[in-house]
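Chain residues, written in single-letter form:
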Amino acid sequence: MGLAFFGLTSDATPLIRRNLFKQIHEIVFHGKGGYSWNEVYNMPIWLRRFTFKEIQEFYQKEQEEYNKIKKKGTSTLIDSSGRVNKPQFADASPKKPSFRTAP
């Protein structure tokens, strides 16, 4: 005979508990000391989910910025044969100001 009310089943309970504790851990760990375990555990569910989402978005944006910077730094002025790539070298060289005299 099944349960007469809506609630956790014995099959779902371990997974839900694991997800809850993982979320609490992520907020405490990535909150960098801003939250204690008890504070997060006793947070209203909506606030805990909001906090988790905000921390997750922050670290995703940080990772994207890091990848952009890393990608910019990987270009080289020397091609695979060991010769200088002249167009890239010209683009990377600082431009000297041209001083033209008026006629």
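Here the structure is shown first, and the text comes after it.
Rules used throughout
- Residues numbered from 1 in each chain as written.
- Predicted model: local features only at pLDDT ≥ 70, side-chain atom pairs only at ≥ 80, totals over all residues.
- Heavy atoms only, no water.
- Helix = DSSP H or I, 4+ residues; strand = E, 2+ residues; numbered from the N terminus.
- Buried < 20%, exposed > 50% of the residue type's maximum accessible area, 1.4 Å probe, protein only.
- Contact = heavy atoms within 4.5 Å.
- Areas by Shrake-Rupley, 256 points an atom, 1.4 Å probe, with all protein chains shown as cover.
- Phe/Tyr/Trp six-rings, centres within 6.5 Å; stacked < 30°, edge-to-face > 60°.
- 1 Å grid on protein atoms, 1.4 Å probe; cavity = no way out; pocket = protein on both sides within 12 Å on 5 of 7 lines; lining within 4 Å.
- Points joined across faces, edges and corners; volume = space filled by probe spheres on them.
- Nonpolar A, V, L, I, M, F, W, Y, C, P; charged D, E, K, R; others polar.
- Salt bridge = Lys/Arg side-chain N within 4 Å of Asp/Glu carboxyl O.

Colleague: For the overall build of the chain, give the residues involved together with the corresponding values.
Modeller: A count of helices and strands for the chain gives four helices and zero strands. Ordered by position from N to C terminus, the α and β elements of the chain give α-α-α-α. The buried share of the chain, taken over its 103 residues, is 8%. Here the analysis covers contacts within the chain between residues at least 6 apart in sequence; of these, 32% occur between residues at least 24 apart. When the accessible surface of the chain is split by element, carbon and sulfur atoms take 60% of a total near 9700 Å².

Colleague: Got a sec to walk through the packing of aromatic side chains? Specific residues and values, please.
Modeller: All told, the structure shown has three aromatic pairs when counted by the stated rule. Ring geometry for F21 and W37: centres 6.2 Å apart, planes at 25 degrees, overall stacked. With F21 in helix 1 (residues 13–30) and W37 in helix 2 (residues 37–41), this pair connects stretches of sequence that are 16 residues apart. Relative accessible area serves as the criterion here: at 41%, W37 is assigned to the partly exposed category.

Colleague: Give me the layout of surface pockets: which residues, what numbers.
Modeller: Considered as a void within the structure, the largest pocket measures approximately 150 Å³ in volume. For the largest pocket, the full set of lining residues is I16, N19, L20, Q23, I45, R48 and R49. Broken down by element, the lining of the largest pocket gets its largest block of residues, four residues, from helix 1. The class makeup of the residues in the lining of the largest pocket is three nonpolar, two polar and two charged.

Colleague: Describe in detail the pattern of salt bridges, supporting the description with residues and values.
Modeller: As enumerated under the stated definition, the model contains three salt bridges in all. Linking K22 and E26 is a salt bridge whose minimum nitrogen-to-oxygen distance equals 3.7 Å. Separated by four residues within a single helix, K22 and E26 lie in helix 1, roughly one turn from each other. The closest approach of N and O atoms between K68 and E65, which form a salt bridge, is 3.7 Å. In this pair, K68 and E65 are both assigned in helix 3 (residues 45–72), three residues apart and thus about one turn of the helix distant. Here E65 falls in the partly exposed class, since its relative accessible area comes to 44%.

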